[in-house]
Amino acid sequence: MTALLLNPSSADYSQFDPETRRLLRATIDFFEGYGKQRLLQADLHAEWVADFLEFQKRERLFATFLTPAAYAGGDENRRWDGARNAALSEILGFYGLAYWYAEQVTILGLGPVWMSDNEAAKAKAARQLADGEVMAFGLSEREHGADVYSTDMILTPTGGAGGEPDGFTASGVKYYIGNGNVAGTVSVFGRRGDVDGPDGYVFFAVDSRHPAYRLIDNVVHGQMYVSTFELDEYPVGPDAILHTGPEAFAAALNTVNVGKFNLCHGSIGMCEHSLYEAITHSNNRILYGNPVTVFSHVQGNFVDAYARLSAMKLFSDRAVDYFRSASRDDRRYLLFNPVTKSKVTSEGETVMTLLLDVVAAKGYEKNTYFHQANRFIGWLPRLEGTVHVNVAQILKFMPNYLFDPAEYPEIGRRLDPADDAFFFAQGPVGGAGKVCFADWTAPYQARADVPNVAVFYEQATALKALLTTAPPSAEQQKDLDFVLTVGHLFTLIVYGQLILEQAALIGLDDDLLDRIFDFQIRDFSGYAVDLYGKPSATPEQQQWALGAVRRPVADTGVFDRVWQQVQALDGAYTMPS
């Protein structure tokens, strides 16, 4: 079986090309050389990530990973490659959210640029990346959040005679904008003051060093600079316009499709590092004359955390394959994206809570990576809207996914060194209800020999029965509290599908797979009980809910063997001091 969890002591990234391997390994070596004490001190004192940005500038890390091949100047190593970008996000999360965040918001800032027809802006962004600069995404505002339908960033026309203006001045405030303190390019969303409706939207590029750009403050206390900034009659010429009208709106949503996907691997990296610390501490901590890990409830927490973390990794890695294989005719990534943003990151919170319940007070000590990850793990499900926003999006895909399968060519592992050009040519937004999916039942039926996969598959097919025999009424469909529970039930089915696909591709151990579906069964049962308790649930729906509750197949042999996998992580990785 391919090694599943990241271990900096042994990671060689042999699946990638030589330069990718070198840069990923160099990134690990930078942090390992930085040392744990220095890493934690930087977090404790909220130091801006200048050392890391100097490293990435020296190695041309962001330039290599975040420049599409068309703007790479013939450098065959520079491309936008979703597989290696995911690997980098995992490494950065492993060492600290602030480092991941600097890359994350650079990706977002580049989205509207690479999606535009503005060749001058693209060439400028490529030069800035080569010079080691970072970018920012100026979408959200204090009053509107990330509501792209509303913006108080106003562009006022200048010049022009009787037709289109020859430029604009932009004025307004943007809030919660990462890297806004230093970004060479800030992609800003606004609207024309003289044009009503969607036709007035504009995405334009600004420079944080311009005199008309006023940095106000950092919204958070931390290494990340999450800025508030104001534009005061900032001059916007034709060379700065990235998108106008409905295309500007689409660029905002399509950028989120590309950029916020990386939330999942950032969360995975944080949990992996925390797991190493937790098992190494607990397995060597003597309590009442025994190692802490001799107690059954501790072993249970570790096995559950390990299974959930493994599932996060399996789902997210498989989702990368769908992203890299996407086209106008295959938009399945539009479902898997909100699942990574909501489900995977929420599972990260669950993993950290399970581990914290074991390490207890140790998890708050300033000399642990754990206490840093524990503070920040809850940010990830909330950095892009909230979980309910993404679950509501997921629900749009449910009818076609469950009831109307389509034929698609088989998608294998996508680790090839290709440029993912479709990320920046996604086209118009909308049409979620028209996206088709392959038969989701096939991966489940293929592994019905695994006891808990078979039990969960019973629950999954039961959801189809609910939607056929006692579906939400028109009134219930307006009740977000009710339909979100249905959305969580559906999400578990999607989650399980990609987990099974990835497990088959890498030859995952059957014991671990069984433990993954152990918690899938328990989680599905929990949401079924929640549905039963909804005030608007009909008697038929209540009866269904109780009938959908299942007990996982208990196998002490399976549990003990997975526990041995967890226990083997004791001392497997310790960050140098």
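It should be emphasised that the depicted structure is a prediction, and the values quoted were computed from it without experimental measurement. (Residues numbered from 1 in each chain as written. Predicted model: local features only at pLDDT ≥ 70, side-chain atom pairs only at ≥ 80, totals over all residues. Heavy atoms only, no water.)

A. Up close: the side chain of threonine 255. As for its position among the elements, threonine 255 is in helix H8 (residues 246–259). Residues contacting threonine 255, with those up to four places away along its chain left out, are Leu108, Gly111, Pro112, Met115, Phe137 and Lys260. (Helix = DSSP H or I, 4+ residues; strand = E, 2+ residues; numbered from the N terminus. Contact = heavy atoms within 4.5 Å.)

B. Here's a closer look at helix H5 (residues 82–95). For H5, built from 14 residues, the straight-helix expectation of 20 Å at 1.5 Å per residue is met to within 8% by its first-to-last C-alpha distance of 20 Å. Across the 14 residues that make up H5, a large majority, 14, are buried. Residue aspartate 81 occupies the N-cap position of H5, its side-chain oxygen lying 3.0 Å from the main-chain nitrogen of alanine 83. (Expected span 1.5 Å × (residues − 1). Buried < 20%, exposed > 50% of the residue type's maximum accessible area, 1.4 Å probe, protein only. Polar contact = N/O pair within 3.5 Å; in protein donor to acceptor, adjacent residues only side chain to side chain.)

C. Broad picture of the nonpolar core. Formed by 177 residues in total, the largest nonpolar core has its most connected members in Phe52, Phe302, Phe315, Leu335, Leu463, Ile516 and Trp544. Per-element tally for this core: the top contributor is helix H10 (residues 296–324), with 15 residues. Residues within four places of phenylalanine 52 in sequence aside, it is in contact with Phe30, Phe31, Leu61, Phe62, Leu92 and Tyr99. (Core = buried A, V, L, I, M, F, W, Y, C linked by side-chain atoms within 4.5 Å.)

D. A look at helix H2 (residues 36–44). Buried within H2 are the following residues: Lys36, Leu39, Leu40, Ala42 and Asp43. Along the axis of H2, the buried residues cluster in a sector spanning 155 degrees; they form a single face. The secondary structure elements touched by the buried residues of H2 are helix H1 (18–34), H5, helix H6 (97–114), helix H9 (263–282) and helix H12 (369–376). (Arc of directions from axis to C-beta.)

E. Representation of the domain arrangement of the protein in the model. Along its sequence, the protein is carved into domain 1 (18–134), domain 2 (138–245) and domain 3 (387–407 + 432–554). A C-alpha centroid distance of 41 Å is found between domain 2 and domain 3. (Domains from an automatic or database assignment.)

F. Looking closely at the pattern of salt bridges. A full pass over the atoms with the stated rule returns 39 salt bridges. A salt bridge links arginine 308 to aspartate 304; its shortest N-O distance comes to 3.3 Å. Separated by four residues within a single helix, arginine 308 and aspartate 304 lie in helix H10, roughly one turn from each other. Here the two residues arginine 308 and aspartate 304 agree in accessibility, since each one is buried. (Salt bridge = Lys/Arg side-chain N within 4 Å of Asp/Glu carboxyl O.)

G. Inspection of the packing of H10 against helix H11 (residues 333–359) at higher detail. H11 packs onto H10 with a crossing angle of 160 degrees between their chain directions and a minimal axis gap of 9 Å. Taken together, H10 and H11 sit at an angle that is classed as roughly antiparallel. The way H10 lies across H11 gives a crossing that is left-handed. Split by residue class, the contact of H10 with H11 holds 17 nonpolar, six polar and four charged. (Axes fitted to C-alpha atoms, helices over the stretch in contact; angles between N-to-C directions. Parallel < 35°, antiparallel > 145°, perpendicular 65-115°, else oblique. Left-handed = near helix turned anticlockwise from the far one by under 90°. Nonpolar A, V, L, I, M, F, W, Y, C, P; charged D, E, K, R; others polar.)

H. Seen up close, the side chain of asparagine 262. Secondary-structure assignment places asparagine 262 in the loop between H8 and H9. Judged by its relative accessible area of 6%, asparagine 262 falls in the buried class. A polar contact of 3.3 Å, which involves the side chain of asparagine 262, links it to the side chain of serine 89. With residues near it in sequence (within four places) discarded, asparagine 262 still touches Asn85, Ala86, Ser89, Trp100, Gln104 and Ile107.

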